[in-house]
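# Observations on the model geometry
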Amino acid sequence: MKTPLPFGFAALLSLFCLPAFAADAGPAAAKGTPTCTGLDCLICPALKDPQNYTEGRMKLMREIVPGKDRWLFRSEVDLTNDFGIPASMRSEYARLMATFARQGTHVVMAIQPTRGLMHRDKLRPGEHMGFDYARANRNLGDYLQQMRAGGAVVPDVMQLVAKPPAGEYFFRRDHHWTPTGAQATAQVVADEVRRQPFYAGLTKKHYRTEPGVVVPKDGTMNLGLTYICGNNFGMQYVRGYQTVPVADSADALFDEAPDPEVILVGDSNAAAREDESKQFNFDGYLKQYLDVDILNFALPGAGQDGSLLEYLLSDSYKPAAPPKVVIWELPANYQLESPQMYRQLVPAIKGGCATSKTLLSNRLDHPALKVSDRIELLSNAGESRSDLKGSAGFLDIKISDKNVKDFYLIVYYDNGQRDKIWFRREAAVTGGQYYLELSKAKEFQGANLLSVFMEPTKPSSGATQVDTKLCL
(Lines give C-alpha, C1' and ligand atoms only; values in the text may rest on other atoms or scores of the structure.)
Protein backbone atom coordinates (compact mmCIF):
# COMPACT_ATOMS: atom_id res chain seq x y z
CA MET A 1 0.00 0.00 0.00
CA LYS A 2 1.36 3.37 -1.00
CA THR A 3 1.34 6.16 1.56
CA PRO A 4 -0.53 9.27 0.33
CA LEU A 5 1.40 12.52 0.48
CA PRO A 6 -0.27 15.49 2.12
CA PHE A 7 -1.66 17.75 -0.60
CA GLY A 8 0.49 20.71 0.40
CA PHE A 9 3.60 18.58 0.18
CA ALA A 10 2.49 17.07 -3.13
CA ALA A 11 1.96 20.54 -4.57
CA LEU A 12 5.39 21.56 -3.34
CA LEU A 13 6.97 18.53 -4.95
CA SER A 14 5.28 19.45 -8.23
CA LEU A 15 7.51 22.51 -8.35
CA PHE A 16 10.57 20.27 -8.26
CA CYS A 17 9.26 17.87 -10.89
CA LEU A 18 8.72 14.33 -9.53
CA PRO A 19 9.89 11.60 -11.90
CA ALA A 20 7.67 10.85 -14.89
CA PHE A 21 8.64 9.91 -18.43
CA ALA A 22 7.41 12.29 -21.08
CA ALA A 23 6.62 10.79 -24.49
CA ASP A 24 8.42 13.61 -26.28
CA ALA A 25 11.14 14.30 -23.73
CA GLY A 26 14.08 14.14 -26.14
CA PRO A 27 17.58 12.70 -25.67
CA ALA A 28 17.57 12.79 -21.88
CA ALA A 29 14.56 10.52 -21.73
CA ALA A 30 16.08 8.23 -24.33
CA LYS A 31 18.94 7.60 -21.91
CA GLY A 32 16.48 6.76 -19.12
CA THR A 33 16.65 10.08 -17.32
CA PRO A 34 13.24 10.97 -15.85
CA THR A 35 11.87 14.31 -16.95
CA CYS A 36 8.58 16.19 -16.75
CA THR A 37 7.19 19.69 -16.65
CA GLY A 38 4.81 21.39 -14.22
CA LEU A 39 1.98 19.39 -12.72
CA ASP A 40 2.73 16.43 -15.00
CA CYS A 41 5.36 15.60 -12.42
CA LEU A 42 2.56 14.27 -10.21
CA ILE A 43 1.78 11.59 -12.82
CA CYS A 44 3.79 8.35 -12.79
CA PRO A 45 4.28 5.57 -15.38
CA ALA A 46 2.63 3.10 -12.99
CA LEU A 47 -0.78 4.44 -14.08
CA LYS A 48 -0.37 2.24 -17.16
CA ASP A 49 0.42 -0.93 -15.20
CA PRO A 50 -2.63 -3.29 -15.30
CA GLN A 51 -1.55 -4.86 -12.00
CA ASN A 52 -2.54 -1.65 -10.20
CA TYR A 53 -6.19 -2.17 -11.15
CA THR A 54 -6.80 -5.73 -10.02
CA GLU A 55 -8.13 -5.33 -6.47
CA GLY A 56 -10.97 -3.61 -4.61
CA ARG A 57 -12.18 -0.23 -5.81
CA MET A 58 -9.24 0.09 -8.17
CA LYS A 59 -11.01 -2.36 -10.51
CA LEU A 60 -13.45 0.46 -11.25
CA MET A 61 -10.62 2.88 -12.01
CA ARG A 62 -9.08 0.90 -14.86
CA GLU A 63 -7.12 2.70 -16.43
CA ILE A 64 -6.59 6.25 -15.11
CA VAL A 65 -5.76 8.56 -18.01
CA PRO A 66 -4.45 12.10 -17.44
CA GLY A 67 -6.21 14.87 -19.36
CA LYS A 68 -5.64 18.57 -19.83
CA ASP A 69 -5.93 21.06 -16.94
CA ARG A 70 -5.58 18.40 -14.22
CA TRP A 71 -8.50 16.31 -15.52
CA LEU A 72 -8.44 12.54 -15.02
CA PHE A 73 -10.45 9.92 -16.93
CA ARG A 74 -11.10 6.18 -16.68
CA SER A 75 -10.41 4.47 -19.99
CA GLU A 76 -12.93 1.63 -19.55
CA VAL A 77 -15.88 3.75 -18.37
CA ASP A 78 -15.40 7.41 -19.26
CA LEU A 79 -13.86 6.70 -22.66
CA THR A 80 -16.11 3.86 -23.79
CA ASN A 81 -17.73 3.95 -27.21
CA ASP A 82 -20.29 1.25 -26.52
CA PHE A 83 -23.77 1.74 -25.05
CA GLY A 84 -27.06 -0.08 -25.23
CA ILE A 85 -29.25 -2.86 -23.91
CA PRO A 86 -28.09 -6.25 -25.23
CA ALA A 87 -30.43 -7.56 -27.95
CA SER A 88 -31.40 -10.53 -25.78
CA MET A 89 -32.63 -8.23 -22.99
CA ARG A 90 -34.59 -5.64 -24.97
CA SER A 91 -37.81 -7.64 -24.76
CA GLU A 92 -37.29 -7.94 -21.00
CA TYR A 93 -36.83 -4.18 -20.73
CA ALA A 94 -40.05 -3.68 -22.71
CA ARG A 95 -41.81 -6.14 -20.38
CA LEU A 96 -40.61 -4.15 -17.37
CA MET A 97 -41.96 -0.91 -18.86
CA ALA A 98 -45.26 -2.61 -19.76
CA THR A 99 -45.62 -3.87 -16.17
CA PHE A 100 -45.21 -0.32 -14.86
CA ALA A 101 -47.69 0.94 -17.46
CA ARG A 102 -50.35 -1.59 -16.40
CA GLN A 103 -49.99 -0.23 -12.87
CA GLY A 104 -50.57 3.27 -14.22
CA THR A 105 -46.96 4.43 -13.77
CA HIS A 106 -44.98 6.30 -16.42
CA VAL A 107 -41.21 5.69 -16.37
CA VAL A 108 -38.85 8.53 -17.32
CA MET A 109 -35.23 7.52 -18.02
CA ALA A 110 -32.80 10.30 -17.05
CA ILE A 111 -29.58 9.14 -18.71
CA GLN A 112 -26.25 10.68 -17.74
CA PRO A 113 -23.75 10.90 -20.65
CA THR A 114 -20.16 9.83 -20.01
CA ARG A 115 -17.33 12.12 -18.97
CA GLY A 116 -15.61 11.45 -22.28
CA LEU A 117 -18.60 12.68 -24.26
CA MET A 118 -19.21 15.71 -22.07
CA HIS A 119 -15.56 16.78 -21.68
CA ARG A 120 -13.89 15.49 -24.84
CA ASP A 121 -12.08 18.82 -25.06
CA LYS A 122 -10.07 17.82 -21.97
CA LEU A 123 -8.54 14.73 -23.60
CA ARG A 124 -4.90 14.99 -24.56
CA PRO A 125 -3.88 14.40 -28.17
CA GLY A 126 -2.72 10.84 -28.61
CA GLU A 127 -4.17 9.71 -25.26
CA HIS A 128 -7.80 9.00 -26.19
CA MET A 129 -7.43 5.29 -25.32
CA GLY A 130 -9.55 4.31 -28.32
CA PHE A 131 -12.31 6.84 -27.60
CA ASP A 132 -14.14 7.78 -30.81
CA TYR A 133 -16.49 10.71 -30.25
CA ALA A 134 -18.55 10.14 -33.40
CA ARG A 135 -19.04 6.45 -32.63
CA ALA A 136 -19.80 7.02 -28.95
CA ASN A 137 -22.22 9.82 -29.78
CA ARG A 138 -24.06 7.64 -32.30
CA ASN A 139 -24.25 4.65 -29.95
CA LEU A 140 -25.57 6.70 -27.03
CA GLY A 141 -28.28 8.11 -29.29
CA ASP A 142 -29.20 4.54 -30.29
CA TYR A 143 -29.36 3.57 -26.59
CA LEU A 144 -31.87 6.32 -25.91
CA GLN A 145 -33.95 5.17 -28.85
CA GLN A 146 -33.90 1.58 -27.58
CA MET A 147 -35.38 2.81 -24.32
CA ARG A 148 -38.06 4.83 -26.10
CA ALA A 149 -38.96 1.81 -28.23
CA GLY A 150 -39.25 -0.20 -25.02
CA GLY A 151 -41.95 2.10 -23.69
CA ALA A 152 -40.17 4.68 -21.52
CA VAL A 153 -40.20 8.47 -21.73
CA VAL A 154 -36.59 9.34 -22.59
CA PRO A 155 -35.46 13.00 -22.54
CA ASP A 156 -33.01 14.00 -25.27
CA VAL A 157 -29.75 14.36 -23.35
CA MET A 158 -27.91 14.33 -26.68
CA GLN A 159 -28.49 18.08 -26.77
CA LEU A 160 -26.24 18.32 -23.70
CA VAL A 161 -23.56 16.32 -25.48
CA ALA A 162 -23.78 18.56 -28.54
CA LYS A 163 -23.72 21.72 -26.44
CA PRO A 164 -22.41 21.16 -22.89
CA PRO A 165 -23.41 23.72 -20.25
CA ALA A 166 -21.12 26.69 -19.65
CA GLY A 167 -19.95 25.28 -16.31
CA GLU A 168 -18.30 21.91 -15.84
CA TYR A 169 -20.80 19.07 -16.15
CA PHE A 170 -18.59 16.63 -14.22
CA PHE A 171 -16.01 17.10 -11.51
CA ARG A 172 -12.52 17.09 -12.96
CA ARG A 173 -11.30 14.04 -11.09
CA ASP A 174 -14.49 12.34 -9.92
CA HIS A 175 -17.18 10.24 -11.61
CA HIS A 176 -20.07 12.34 -10.25
CA TRP A 177 -21.66 15.28 -12.00
CA THR A 178 -21.39 18.72 -10.47
CA PRO A 179 -24.44 20.75 -9.39
CA THR A 180 -24.14 22.36 -12.84
CA GLY A 181 -24.42 18.95 -14.49
CA ALA A 182 -27.34 18.01 -12.26
CA GLN A 183 -29.11 21.27 -13.08
CA ALA A 184 -28.60 20.96 -16.83
CA THR A 185 -29.89 17.39 -16.86
CA ALA A 186 -32.87 18.22 -14.63
CA GLN A 187 -33.87 20.99 -17.05
CA VAL A 188 -33.80 18.60 -20.04
CA VAL A 189 -35.76 15.98 -18.10
CA ALA A 190 -38.34 18.50 -16.92
CA ASP A 191 -38.82 19.92 -20.42
CA GLU A 192 -39.63 16.44 -21.74
CA VAL A 193 -41.98 15.57 -18.86
CA ARG A 194 -43.87 18.83 -19.30
CA ARG A 195 -44.56 17.83 -22.91
CA GLN A 196 -46.22 14.57 -21.83
CA PRO A 197 -50.03 14.39 -21.55
CA PHE A 198 -49.80 12.98 -18.01
CA TYR A 199 -48.02 16.09 -16.72
CA ALA A 200 -51.25 18.10 -16.50
CA GLY A 201 -52.63 15.58 -14.01
CA LEU A 202 -49.78 15.94 -11.50
CA THR A 203 -50.38 17.88 -8.31
CA LYS A 204 -48.42 21.12 -8.48
CA LYS A 205 -46.23 22.62 -5.78
CA HIS A 206 -43.77 25.47 -6.25
CA TYR A 207 -40.10 25.52 -5.30
CA ARG A 208 -37.10 27.81 -5.56
CA THR A 209 -33.39 27.08 -5.55
CA GLU A 210 -30.89 29.11 -3.59
CA PRO A 211 -27.12 28.96 -2.97
CA GLY A 212 -25.99 26.44 -0.38
CA VAL A 213 -22.70 25.34 1.09
CA VAL A 214 -19.49 24.89 -0.87
CA VAL A 215 -19.08 21.31 -2.12
CA PRO A 216 -15.50 20.01 -1.74
CA LYS A 217 -14.59 17.11 -3.99
CA ASP A 218 -11.38 15.13 -3.78
CA GLY A 219 -12.45 12.65 -6.43
CA THR A 220 -12.35 8.89 -6.93
CA MET A 221 -9.79 9.19 -9.73
CA ASN A 222 -7.72 11.57 -7.64
CA LEU A 223 -7.68 8.96 -4.88
CA GLY A 224 -6.65 6.39 -7.46
CA LEU A 225 -3.80 8.66 -8.51
CA THR A 226 -2.75 8.91 -4.87
CA TYR A 227 -2.86 5.13 -4.47
CA ILE A 228 -0.72 4.47 -7.53
CA CYS A 229 1.61 7.47 -7.69
CA GLY A 230 1.60 8.78 -4.13
CA ASN A 231 0.52 12.21 -5.41
CA ASN A 232 -2.75 13.94 -6.20
CA PHE A 233 -4.05 17.13 -7.78
CA GLY A 234 -5.87 18.33 -4.66
CA MET A 235 -9.47 19.21 -3.92
CA GLN A 236 -11.93 20.88 -6.25
CA TYR A 237 -14.49 23.28 -4.77
CA VAL A 238 -17.82 24.22 -6.33
CA ARG A 239 -20.89 26.06 -5.08
CA GLY A 240 -23.69 23.83 -3.87
CA TYR A 241 -27.42 24.60 -4.02
CA GLN A 242 -30.56 23.68 -2.14
CA THR A 243 -34.18 23.80 -3.20
CA VAL A 244 -36.97 24.80 -0.81
CA PRO A 245 -40.77 25.05 -1.10
CA VAL A 246 -42.38 28.36 -1.98
CA ALA A 247 -45.48 29.19 0.06
CA ASP A 248 -47.82 32.17 0.42
CA SER A 249 -47.23 32.06 4.14
CA ALA A 250 -45.02 30.29 6.63
CA ASP A 251 -48.01 28.29 7.88
CA ALA A 252 -48.54 26.77 4.43
CA LEU A 253 -45.19 25.03 4.70
CA PHE A 254 -46.58 22.82 7.44
CA ASP A 255 -49.87 21.90 5.76
CA GLU A 256 -50.45 18.17 5.44
CA ALA A 257 -49.51 17.20 1.91
CA PRO A 258 -50.54 14.15 -0.14
CA ASP A 259 -48.03 11.43 -0.90
CA PRO A 260 -45.70 12.47 -3.74
CA GLU A 261 -46.86 11.30 -7.15
CA VAL A 262 -43.33 11.36 -8.59
CA ILE A 263 -40.56 9.04 -7.39
CA LEU A 264 -36.86 9.48 -8.14
CA VAL A 265 -34.56 6.46 -8.15
CA GLY A 266 -30.92 6.27 -9.17
CA ASP A 267 -27.39 6.22 -7.82
CA SER A 268 -25.23 8.63 -5.84
CA ASN A 269 -25.61 11.35 -8.49
CA ALA A 270 -29.30 11.66 -7.60
CA ALA A 271 -29.18 10.71 -3.91
CA ALA A 272 -30.16 13.16 -1.20
CA ARG A 273 -27.55 13.21 1.56
CA GLU A 274 -27.84 14.44 5.14
CA ASP A 275 -24.49 16.14 4.59
CA GLU A 276 -25.38 18.97 2.22
CA SER A 277 -21.79 19.19 1.03
CA LYS A 278 -22.11 15.72 -0.52
CA GLN A 279 -25.16 16.18 -2.70
CA PHE A 280 -25.71 17.77 -6.08
CA ASN A 281 -29.40 18.83 -5.83
CA PHE A 282 -30.70 16.87 -8.83
CA ASP A 283 -33.97 16.18 -7.02
CA GLY A 284 -34.23 19.84 -6.03
CA TYR A 285 -33.82 21.10 -9.58
CA LEU A 286 -36.42 18.58 -10.76
CA LYS A 287 -38.86 19.88 -8.15
CA GLN A 288 -38.32 23.45 -9.24
CA TYR A 289 -38.53 22.84 -12.99
CA LEU A 290 -41.50 20.47 -12.74
CA ASP A 291 -43.39 22.28 -9.95
CA VAL A 292 -44.10 18.95 -8.25
CA ASP A 293 -43.09 17.21 -5.04
CA ILE A 294 -40.69 14.28 -5.46
CA LEU A 295 -39.92 11.37 -3.15
CA ASN A 296 -36.23 10.60 -3.55
CA PHE A 297 -35.22 6.94 -3.19
CA ALA A 298 -31.87 7.22 -5.01
CA LEU A 299 -29.06 5.45 -3.15
CA PRO A 300 -25.25 5.68 -3.28
CA GLY A 301 -23.59 2.38 -4.12
CA ALA A 302 -26.79 0.59 -5.13
CA GLY A 303 -25.92 -0.16 -8.75
CA GLN A 304 -28.24 0.29 -11.69
CA ASP A 305 -31.42 -1.10 -10.11
CA GLY A 306 -30.80 -1.25 -6.34
CA SER A 307 -32.66 1.95 -5.46
CA LEU A 308 -35.64 0.99 -7.64
CA LEU A 309 -35.81 -2.35 -5.88
CA GLU A 310 -35.48 -0.59 -2.51
CA TYR A 311 -38.47 1.59 -3.33
CA LEU A 312 -40.63 -1.25 -4.63
CA LEU A 313 -39.97 -3.30 -1.47
CA SER A 314 -40.63 -0.37 0.88
CA ASP A 315 -43.83 0.67 2.63
CA SER A 316 -43.82 3.77 0.42
CA TYR A 317 -44.78 1.67 -2.61
CA LYS A 318 -48.44 0.73 -2.72
CA PRO A 319 -49.37 -1.50 -5.69
CA ALA A 320 -53.02 -0.48 -5.32
CA ALA A 321 -52.06 3.22 -5.39
CA PRO A 322 -48.81 3.37 -7.39
CA PRO A 323 -46.95 6.58 -8.25
CA LYS A 324 -47.86 8.36 -11.45
CA VAL A 325 -44.22 8.83 -12.47
CA VAL A 326 -40.91 7.13 -11.73
CA ILE A 327 -37.80 9.07 -12.83
CA TRP A 328 -34.90 6.64 -13.15
CA GLU A 329 -31.49 8.37 -13.18
CA LEU A 330 -28.93 6.11 -14.83
CA PRO A 331 -25.32 6.65 -16.00
CA ALA A 332 -25.02 5.72 -19.67
CA ASN A 333 -22.45 2.98 -19.06
CA TYR A 334 -25.10 0.78 -17.40
CA GLN A 335 -26.63 -1.68 -19.86
CA LEU A 336 -29.66 -3.09 -17.99
CA GLU A 337 -28.35 -6.48 -19.07
CA SER A 338 -29.13 -8.68 -16.04
CA PRO A 339 -31.93 -11.27 -16.49
CA GLN A 340 -32.11 -11.59 -12.71
CA MET A 341 -32.92 -7.88 -12.40
CA TYR A 342 -36.11 -8.27 -14.44
CA ARG A 343 -37.05 -11.50 -12.66
CA GLN A 344 -37.03 -9.55 -9.38
CA LEU A 345 -38.48 -6.21 -10.41
CA VAL A 346 -41.57 -7.44 -12.27
CA PRO A 347 -43.05 -9.38 -9.31
CA ALA A 348 -42.17 -6.47 -7.01
CA ILE A 349 -44.08 -4.00 -9.20
CA LYS A 350 -47.13 -6.26 -9.13
CA GLY A 351 -47.01 -6.48 -5.32
CA GLY A 352 -45.76 -10.01 -4.83
CA CYS A 353 -47.95 -12.78 -3.46
CA ALA A 354 -50.20 -10.26 -1.69
CA THR A 355 -51.82 -9.54 -5.06
CA SER A 356 -51.45 -13.01 -6.60
CA LYS A 357 -52.63 -16.60 -6.15
CA THR A 358 -50.49 -18.77 -3.83
CA LEU A 359 -49.71 -22.25 -5.21
CA LEU A 360 -47.22 -23.51 -2.57
CA SER A 361 -46.05 -22.17 0.77
CA ASN A 362 -43.78 -23.15 3.65
CA ARG A 363 -42.35 -21.62 6.83
CA LEU A 364 -38.96 -22.71 8.09
CA ASP A 365 -37.25 -21.93 11.40
CA HIS A 366 -33.52 -22.43 11.16
CA PRO A 367 -30.60 -21.82 13.55
CA ALA A 368 -27.83 -19.42 12.59
CA LEU A 369 -27.00 -19.84 8.91
CA LYS A 370 -23.65 -21.32 7.95
CA VAL A 371 -21.82 -20.96 4.68
CA SER A 372 -22.79 -23.72 2.23
CA ASP A 373 -25.72 -24.96 4.33
CA ARG A 374 -28.29 -26.72 2.12
CA ILE A 375 -31.67 -25.55 3.33
CA GLU A 376 -34.84 -26.75 1.61
CA LEU A 377 -37.32 -23.88 1.53
CA LEU A 378 -40.05 -25.43 -0.58
CA SER A 379 -40.93 -28.96 -1.68
CA ASN A 380 -43.27 -30.19 -4.41
CA ALA A 381 -43.12 -33.93 -3.84
CA GLY A 382 -45.15 -36.91 -2.64
CA GLU A 383 -48.85 -37.52 -3.09
CA SER A 384 -49.65 -33.81 -2.79
CA ARG A 385 -47.31 -32.91 -5.63
CA SER A 386 -48.73 -30.19 -7.90
CA ASP A 387 -48.35 -30.09 -11.66
CA LEU A 388 -46.49 -26.82 -12.18
CA LYS A 389 -45.29 -27.50 -15.72
CA GLY A 390 -45.21 -24.33 -17.76
CA SER A 391 -45.99 -22.22 -14.72
CA ALA A 392 -45.23 -18.50 -15.06
CA GLY A 393 -45.07 -18.22 -11.30
CA PHE A 394 -42.60 -16.49 -9.00
CA LEU A 395 -41.04 -17.10 -5.62
CA ASP A 396 -41.82 -14.74 -2.74
CA ILE A 397 -39.27 -15.18 0.06
CA LYS A 398 -39.27 -13.33 3.38
CA ILE A 399 -36.22 -13.71 5.65
CA SER A 400 -36.57 -12.51 9.24
CA ASP A 401 -32.91 -11.51 9.50
CA LYS A 402 -32.59 -8.53 7.13
CA ASN A 403 -28.81 -8.79 7.27
CA VAL A 404 -28.96 -12.01 5.24
CA LYS A 405 -28.14 -10.68 1.77
CA ASP A 406 -25.70 -13.18 0.29
CA PHE A 407 -27.02 -16.58 -0.71
CA TYR A 408 -27.74 -18.91 -3.62
CA LEU A 409 -31.28 -19.86 -4.48
CA ILE A 410 -31.49 -23.19 -6.31
CA VAL A 411 -34.65 -24.39 -8.05
CA TYR A 412 -34.66 -28.10 -8.99
CA TYR A 413 -36.80 -29.62 -11.75
CA ASP A 414 -37.86 -33.20 -12.47
CA ASN A 415 -35.87 -33.36 -15.72
CA GLY A 416 -32.61 -33.14 -13.77
CA GLN A 417 -32.03 -29.45 -14.47
CA ARG A 418 -31.50 -26.77 -11.84
CA ASP A 419 -31.67 -23.00 -11.88
CA LYS A 420 -29.04 -21.54 -9.53
CA ILE A 421 -29.19 -17.80 -8.83
CA TRP A 422 -26.84 -15.80 -6.60
CA PHE A 423 -28.45 -13.06 -4.56
CA ARG A 424 -25.87 -10.54 -3.42
CA ARG A 425 -27.66 -7.41 -2.37
CA GLU A 426 -25.66 -4.20 -1.98
CA ALA A 427 -25.18 -2.89 1.56
CA ALA A 428 -27.33 0.18 0.78
CA VAL A 429 -30.31 -1.99 -0.18
CA THR A 430 -32.49 -3.43 2.57
CA GLY A 431 -32.71 -7.21 2.99
CA GLY A 432 -35.59 -9.35 4.13
CA GLN A 433 -37.79 -9.52 1.02
CA TYR A 434 -36.83 -11.33 -2.18
CA TYR A 435 -38.68 -12.13 -5.39
CA LEU A 436 -37.67 -14.35 -8.27
CA GLU A 437 -39.71 -15.32 -11.31
CA LEU A 438 -39.32 -18.94 -12.38
CA SER A 439 -36.97 -19.19 -15.32
CA LYS A 440 -38.40 -19.27 -18.84
CA ALA A 441 -35.20 -20.79 -20.27
CA LYS A 442 -35.71 -23.68 -22.67
CA GLU A 443 -34.00 -26.22 -20.40
CA PHE A 444 -36.84 -25.86 -17.89
CA GLN A 445 -39.73 -25.88 -20.35
CA GLY A 446 -42.05 -28.84 -19.86
CA ALA A 447 -40.40 -29.73 -16.54
CA ASN A 448 -42.11 -29.74 -13.15
CA LEU A 449 -40.65 -27.92 -10.15
CA LEU A 450 -39.46 -30.31 -7.44
CA SER A 451 -37.88 -28.17 -4.72
CA VAL A 452 -36.28 -24.85 -3.81
CA PHE A 453 -33.09 -24.71 -1.75
CA MET A 454 -31.19 -21.86 -0.14
CA GLU A 455 -27.40 -22.00 0.18
CA PRO A 456 -25.89 -19.14 2.27
CA THR A 457 -22.61 -17.64 1.09
CA LYS A 458 -22.20 -15.67 4.34
CA PRO A 459 -23.07 -16.76 7.89
CA SER A 460 -25.79 -15.16 10.00
CA SER A 461 -25.51 -14.29 13.68
CA GLY A 462 -28.74 -15.76 14.95
CA ALA A 463 -31.75 -17.97 14.29
CA THR A 464 -33.62 -17.18 11.08
CA GLN A 465 -37.20 -17.68 9.95
CA VAL A 466 -37.85 -18.01 6.22
CA ASP A 467 -41.33 -17.82 4.68
CA THR A 468 -41.42 -19.06 1.11
CA LYS A 469 -44.31 -18.99 -1.35
CA LEU A 470 -44.74 -19.85 -5.00
CA CYS A 471 -47.38 -17.62 -6.52
CA LEU A 472 -49.02 -17.08 -9.88
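Residues numbered from 1 in each chain as written. Predicted model: local features only at pLDDT ≥ 70, side-chain atom pairs only at ≥ 80, totals over all residues. Heavy atoms only, no water.

### Observations regarding the nonpolar core
Of all hydrophobic cores here, the largest spans 86 residues; its most connected members are Met109, Met147 and Leu336. The greatest single-element share of this core, amounting to 7 residues, is contributed by helix 7 (residues 179-194). By size, the runner-up hydrophobic cluster in this structure holds 27 residues, among which are Leu364, Ile399, Ile421 and Val452. (Core = buried A, V, L, I, M, F, W, Y, C linked by side-chain atoms within 4.5 Å. Buried < 20%, exposed > 50% of the residue type's maximum accessible area, 1.4 Å probe, protein only. Helix = DSSP H or I, 4+ residues; strand = E, 2+ residues; numbered from the N terminus.)

### Points about a nonpolar patch on the surface
On the surface, Val214, Met235 and Tyr237 cluster together to form a nonpolar patch covering roughly 300 Å² of accessible area. Relative to the elements of secondary structure, Met235 occurs in the loop between helix 8 (220-229) and strand 5 (236-245). (Patch = residues over 30% accessible without salt bridge, like charges linked within 9 Å, V, L, I, M, F, W, Y side chains within 5 Å. Areas by Shrake-Rupley, 256 points an atom, 1.4 Å probe, with all protein chains shown as cover. Salt bridge = Lys/Arg side-chain N within 4 Å of Asp/Glu carboxyl O.)

### Examining the side chain of Thr80
Looking at where Thr80 falls in the secondary structure, it is placed in the loop between strand 2 (72-74) and helix 3 (90-103). Under the relative-accessibility criterion, Thr80 is labelled buried at 14%. At 3.2 Å, the side chain of Thr80 forms a polar contact with the backbone nitrogen of Asp82. (Polar contact = N/O pair within 3.5 Å; in protein donor to acceptor, adjacent residues only side chain to side chain.)

### Points about the sheet that holds strand 16 (residues 464-471)
Reading across the sheet, the 4 strands line up as 9-16-11-14 and stay open at both edges, with antiparallel pairing between neighbours. Since the sheet does not close on itself, it has two edges, and those belong to strand 9 (358-366) and strand 14 (433-437), each with one partner. Mean inter-strand twist for the sheet, computed between neighbouring axes without regard to direction, equals 15°. Bridge analysis of strand 9 against strand 16 gives 8 bridges, and the strand direction is antiparallel. Among the inter-strand pairings, His366 is bridged to a residue of strand 16, identified as Thr464. (Pairing = 2+ DSSP bridges. Axes fitted to C-alpha atoms, helices over the stretch in contact; angles between N-to-C directions.)

### What about the sheet that holds strand 3 (residues 106-112)?
With parallel pairing, 4 strands are arranged side by side in an open sheet as 3-8-6-7. Strand pairing shows two members of the sheet lacking a second neighbour, strand 3 and strand 7 (294-296), which therefore form its edges. Going across the sheet, the axis of each strand differs from the next one's by a mean of 20°, ignoring polarity. Inspection of the sheet shows strand 3 paired to strand 8 (residues 325-331) by 7 bridges, in the parallel sense. Looking at strand 8, one finds that His106 is bridged to Val325. Along the sheet face, helix 9 (residues 282-290) touches strand 3, strand 6 (262-265), strand 7 and strand 8 and points at about 170° away from the line of strand 7. (Contact = heavy atoms within 4.5 Å.)

Note that all results are geometric; they support no functional claim without further evidence.
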